[in-house]
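Analysis of the macromolecular model
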Amino acid sequence: MPKVTMKVNGRAVSAETEGRTLLSGYLREGLGLTGTHVGCDTSQCGACVVLVDGQAVKSCTAFAADLEGAEVTTIEGMANPDGSLGVIQQAFQDYHGLQCGFCTPGMVMSTAALLAENPRPSEEEVRHYLEGNICRCTGYQNIVRAVMAASGQDAGALAAE
Amino acid sequence: MHNFEFVKPASVADAVAALGRGEAQPLSGGQTLIPSMKARLNAPEILVSLTGITEMQGVSRDGDSLTIGAATTHATVARDAASDFPGLAALAGQIGDPAVRNRGTLGGSVANNDPSACYPAAVLGTGATIVTNTREIAADDFFQGMFTTALDEGEIITGVRFPIAQASAYAKFLQPASRFALTGVFVAKYASGVRVAVTGASENGVFRWAEAEAALSAQFDAEAVAGLSVSPHEMISDLHGTPEYRAHLVRVMNQRGVRAAS
Ligand SMILES: Cc1cc2nc3c(=O)[nH]c(=O)nc-3n(C[C@H](O)[C@H](O)[C@H](O)COP(=O)(O)OP(=O)(O)OC[C@H]3O[C@@H](n4cnc5c(N)ncnc54)[C@H](O)[C@@H]3O)c2cc1C
Ligand code: FES
Ligand code: FES
């Protein structure tokens with residue numbers, strides 16, 4: 001089987017793949033990075049979102065072989081170097097932006113992509129950007145508060161739903 | 001998903017050669033093809049990725065037209081076409097969600113011709129030209145009904161040439177679960193007249209609304225189509241809307257498009 005090489009969370013990695021190996025499978029089974037969750041596996045839910053060359057991508061909807069040489073960031077790459085929670089992760093904890101936590105890796109990665117593009121988004125921009133990330137638990141309100149807090153804005157000022 | 005041989009050529013010529021090798025299919029952004037391969041609706045033996053072909057990438061202006069490489073993502077079009085053709089860029093920016101727009105491409109959308117997809121409305125509504133590895137096809141001849149196009153076996157779209165409109169807009173009534181258009185209308189005004197293309201409504205896929213085009217060419221004002229209606233005959237019927245509901249939306253979205261056109 002051919003090997004596919006990428007840079008994942010700053011580390012050069014290589015794993016054997018079939019043609020049909022998805023990026024989600026490459027990360028989870030090939031590299032043991034099980035923080036990336038597969039929810040629907042039909043491109044609908046966003047739980048599997050990772051960054052590919054800085055852009056949000058559904059890892060269940062891209063073939064690993066198509067991403068030879070890419071730089072990928074997963075939820076495992078979001079913590080600080082000392083292992084403590086990164087800013088976005090800490091905001092999700094502080095503002096109870098998760099309940100079961102299944103959607104959270106995708107939410108955090110989409111948030112990272114949003115804030116890289118737009119460091120101080122409005123509430124409406126946050127909701128719009130996270131449209132492809134589905135959460136069955138929270139009702140989204142605390143997720144939006146967490147994103148506002150992670151971008152250094154007042155999370156208390158959100159209108160109640 | 002059935003396994004396949006993956007190839008990633010660097011030129012259109014190499015892609016065409018690879019497609020000629022057997023049960024082969026092109027892969028662009030994969031946002032439609034990968035889910036359908038998972039469902040085993042498609043099972044190519046050879047998958048030919050188009051994402052490494054530089055000559056199929058990017059947005060470039062040439063006089064009064066904008067040429068977009070078929071492998072250009074929706075996100076790139078939303079950004080790079082914004083100053084030259086704001087109505088088209090805004091359509092690309094409304095497709096799916098950010099992750100879909102970062103992978104999904106113009107060529108994949110046009111080749112697929114989903115009856116609820118957004119791009120076919122812009123391609124038909126601007127009278128664009130579809131450029132393939134062998135020929136050029138006018139939009140009016142290209143879309144031939146739901147999921148059906150004029151493309152031959154092994155033929156690939158390399159780009160689309162859009163005549164830049166004086167004013168244009170895409171009005172999309174969102175189907176929030178799929179994120180596709182429940183009904184969407186692209187309106188474009190040219191010196192030669194107005195074109196109106198409707199997606200998401202007809203069982204026969206994207207179509208032009210000739211009566212509205214005539215009325216708007218005479219007077220480019222939302223009121224000009226206020227009294228017009230399309231027949232619900234052969235409109236899509238599903239749990240999201242009846243044929244009558246969609247027929248109604250065609251006029252409403254057309255009027256919203258005219259009001260928003262810039
Ligand atoms: C959650 C979600 C929401 C979406 N929302 C919308 C929406 O709101 N509006 C909308 O319009 N679309 C929507 N889409 C579809 C999306 O825009 C797809 O990207 C697009 O339809 C297909 O483009 P692709 O590049 O991903 O093509 P692929 O999936 O790679 O290919 C699609 C088909 O086209 C063929 N093909 C690809 N490129 C070429 C080429 N250059 N020449 C010839 N044949 C080719 C392939 O063989 C395949 O049959 C959505 C998809 C998802 C998953
Ligand atoms: S698992 Fe990829 S979108 Fe749901
Ligand atoms: S926290 Fe359970 S799905 Fe979002």
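Residues numbered from 1 in each chain as written. Chains lettered and ligands numbered in written order. Predicted model: local features only at pLDDT ≥ 70, side-chain atom pairs only at ≥ 80, totals over all residues. Heavy atoms only, no water.

Here's the deal with the packing of helix H2 (residues 87-94) of chain A against helix H3 (residues 104-117) of chain A
Residues and elements named next belong to chain A. The cut-off we apply is this: Interaxial angle, 0 to 180 degrees, is taken between N-to-C directions of lines fitted to C-alpha atoms, where a helix line uses only the stretch in contact. Helix numbering and strand numbering both begin at the N terminus, where a helix is a DSSP run of H or I of at least 4 residues and a strand a DSSP run of E of at least 2. For classification purposes, angles smaller than 35 degrees are called roughly parallel, those larger than 145 roughly antiparallel, those between 65 and 115 roughly perpendicular, and all remaining angles oblique. For a crossing to be left-handed, the near helix must be turned anticlockwise from the far one by less than a right angle; the clockwise case is right-handed. Here, two residues are considered to be in contact whenever any of their heavy atoms come within 4.5 Å of each other. Side-chain classes are defined by residue name, with Ala, Val, Leu, Ile, Met, Phe, Trp, Tyr, Cys and Pro counting as nonpolar, Asp, Glu, Lys and Arg as charged, and the others, Gly among them, as polar.
Orientation of H2 relative to H3, taken along the N-to-C sense of each, is 125°, at an axis distance of 10 Å. The pairing of H2 with H3 is recorded here as oblique in orientation. As H2 packs across H3, the resulting crossing turns out to be right-handed. Across the interface between the two elements, Ile88, Gln89 and Phe92 from H2 touch Thr104, Met107, Val108, Thr111, Ala112 and Leu115 from H3. Grouping the constituent residues of the contact of H2 with H3 by class yields six nonpolar, three polar and no charged.

Some points on the pairing of strand E2 (residues 11-16) of chain A
What counts is decided by this rule: Only strands joined by at least two bridges in the DSSP assignment are considered to pair.
Examined bridge by bridge, strand E1 (residues 3-8) of chain A and E2(A) share six bridges and lie antiparallel to one another. Across the sheet, residue Thr5(A) finds its bridge partner in E2(A), namely Ser14(A).

A few points about the site of ligand 1
Filter applied, for reference: Each residue is tested against the molecule or strand, and it is near if at least one of its non-hydrogen atoms lies within 4 Å. The definition of a polar contact used here is a pair of N or O atoms within 3.5 Å, where within protein one atom must be able to donate a hydrogen and the other to accept one, and adjacent residues in sequence count solely through side-chain atom pairs. Only the protein chains shown count as covering a residue, and every accessible area follows the Shrake-Rupley method with a 1.4 Å probe.
The local shell around ligand 1 holds 34 residues, among which Pro26(B), Leu33(B), Thr105(B), Cys118(B) and Arg179(B) are the closest. With respect to ligand 1, its neighbouring residues span chains A and B. One of the backbone N or O atoms of Gly29(B) is found 2.8 Å from an oxygen atom in ligand 1. One nitrogen or oxygen atom from the main chain of Arg179(B) is found 2.5 Å from an oxygen atom belonging to ligand 1. Alone, ligand 1 offers 970 Å² of accessible surface; in the complex the protein occludes 95% of this. Every element with two or more residues in the shell around ligand 1 is listed here: strand E2 (24-27) and helix H6 (106-112) of chain B. If one sorts the elements of the shell around ligand 1 by residue count, H6(B) sits on top with four residues. A breakdown of the residues in the shell around ligand 1 according to their chemical character gives 15 nonpolar, 15 polar and four charged.

Digging into the nonpolar core
Rules: To form a nonpolar core, buried Ala, Val, Leu, Ile, Met, Phe, Trp, Tyr and Cys residues must be joined to one another through side-chain atoms within 4.5 Å. Exposure is judged per residue with a 1.4 Å probe applied to protein chains only, and the accessible area is read against the type maximum: over 50% gives exposed, under 20% gives buried, and values in between give partly exposed.
With 51 residues, the main nonpolar core has Val110(B), Tyr119(B), Val123(B), Ile130(B) and Phe162(B) as its most contacted residues. Excluding residues within four positions of it along the chain, Tyr119(B) makes contact with His74(B), Val77(B), Leu88(B), Leu91(B), Ala92(B), Ile95(B), Leu106(B), Ser109(B) and Val110(B).

Describing the side chain of Thr199(B)
Residue and element names in this part refer to chain B. Among the secondary structure elements, threonine 199 is positioned in strand E11 (residues 193-199). On the basis of relative accessible area, threonine 199 is assigned to the buried category, the value being 0%. A distance of 2.7 Å separates a polar side-chain atom of threonine 199 from the backbone oxygen of alanine 117. Residues contacting threonine 199, with those up to four places away along its chain left out, are Pro115, Ser116, Ala117, Ala121, Tyr170, Ala181, Thr183 and Gly184.

As for the packing of aromatic side chains
Residue and element names in this part refer to chain B. Put simply, the test is: Stacked, edge-to-face and tilted labels apply to pairs of Phe, Tyr and Trp rings (six-membered ring for Trp) whose centres lie within 6.5 Å, assigned for plane angles under 30 degrees, over 60, and everything in between, in that order. Counting as a charge over the ring demands two things of the Lys NZ or Arg CZ atom: a distance within 6 Å of the ring centre and an angle within 35 degrees of the ring normal.
Summed over all chains, the structure comprises two aromatic pairs over all chains. Each ring, one from phenylalanine 142 and one from phenylalanine 143, has its centre 5.1 Å from the other, and the planes form 85°; the classification is edge-to-face. Among the residues examined, phenylalanine 142 registers a relative accessible area of 0% and is labelled buried. Exposure remark for phenylalanine 143: the relative accessible area of 12% places this residue in the buried category. Its guanidinium or amino end placed over the ring of phenylalanine 220, lysine 189 lies 5.9 Å from that ring's centre, counting from NZ or CZ.

Some words on the pattern of salt bridges
In plain terms, the rule: Salt-bridge detection follows one rule: a side-chain nitrogen of Lys or Arg within 4 Å of a carboxyl oxygen of Asp or Glu.
By the definition in use, this model includes 17 salt bridges over all chains. With a closest N to O distance of 2.7 Å, Asp41(A) and Lys38(B) form a salt bridge. Placement of Asp41(A) in the loop between helix H1 (23-30) and strand E3 (49-52) and of Lys38(B) in helix H2 (residues 33-38) is noted, with the two residues assigned to different chains. Taking the shortest distance from any N to any O, the salt bridge between Asp152(B) and Arg135(B) comes out at 3.7 Å.

A word on unusual backbone geometry
Residue and element names in this part refer to chain B. Phi angles above zero are rare outside glycine, and asparagine 113 is one such case at about 50°. The backbone of glutamate 234 shows a phi angle near 65°, a positive value even though the residue is not glycine. Considering the arrangement of structural elements, one finds glutamate 234 in the loop between helix H9 (210-218) and helix H10 (243-260).

Points about the domain arrangement of chain A
Residues and elements named next belong to chain A. Inclusion rule: Here the bounds of each domain stem from an automatic or database domain assignment. Note: buried area is the sum, over both parts, of the accessible area (probe 1.4 Å) each one loses when the two are combined.
For chain A, the assigned domains are domain 1 (3-77) and domain 2 (87-150). The gap between the C-alpha centroids of domain 1 and domain 2 is 21 Å. Contacts between domain 1 and domain 2 engage 16 residues on the former and 13 residues on the latter. For the domain 1 and domain 2 pair, buried surface summed over both sides reaches about 1100 Å², with 66% attributable to carbon and sulfur atoms. Remark: the boundary between domain 1 and domain 2 carries zero salt bridges. At the junction of domain 1 and domain 2, the tally comes to five residue pairs in polar contact (both at pLDDT 80 or more).

Structural notes on the sheet that holds strand E5 (residues 71-73) of chain A
All names here are of chain A. On the basis of which strands lie adjacent, the open sheet formed by five strands has the order E2-E1-E5-E3-E4 and mixed pairing. Where the open sheet ends on each side, the last strands, each with one partner, are E2 and strand E4 (55-58). Each adjacent strand pair in this sheet contributes to an overall mean axis angle of 40°, direction not counted. Sheet analysis places E3 next to E4, joined by four bridges and oriented antiparallel. Residue pairing for E4: valine 49 is matched across the bridge by lysine 58. Set on the sheet, H1 makes contact with E1, E2, E3 and E5; between it and E1 the angle comes to about 85°. Its contacts with the sheet put H3 on E3, E4 and E5, and the angle it makes with E3 is roughly 35°.

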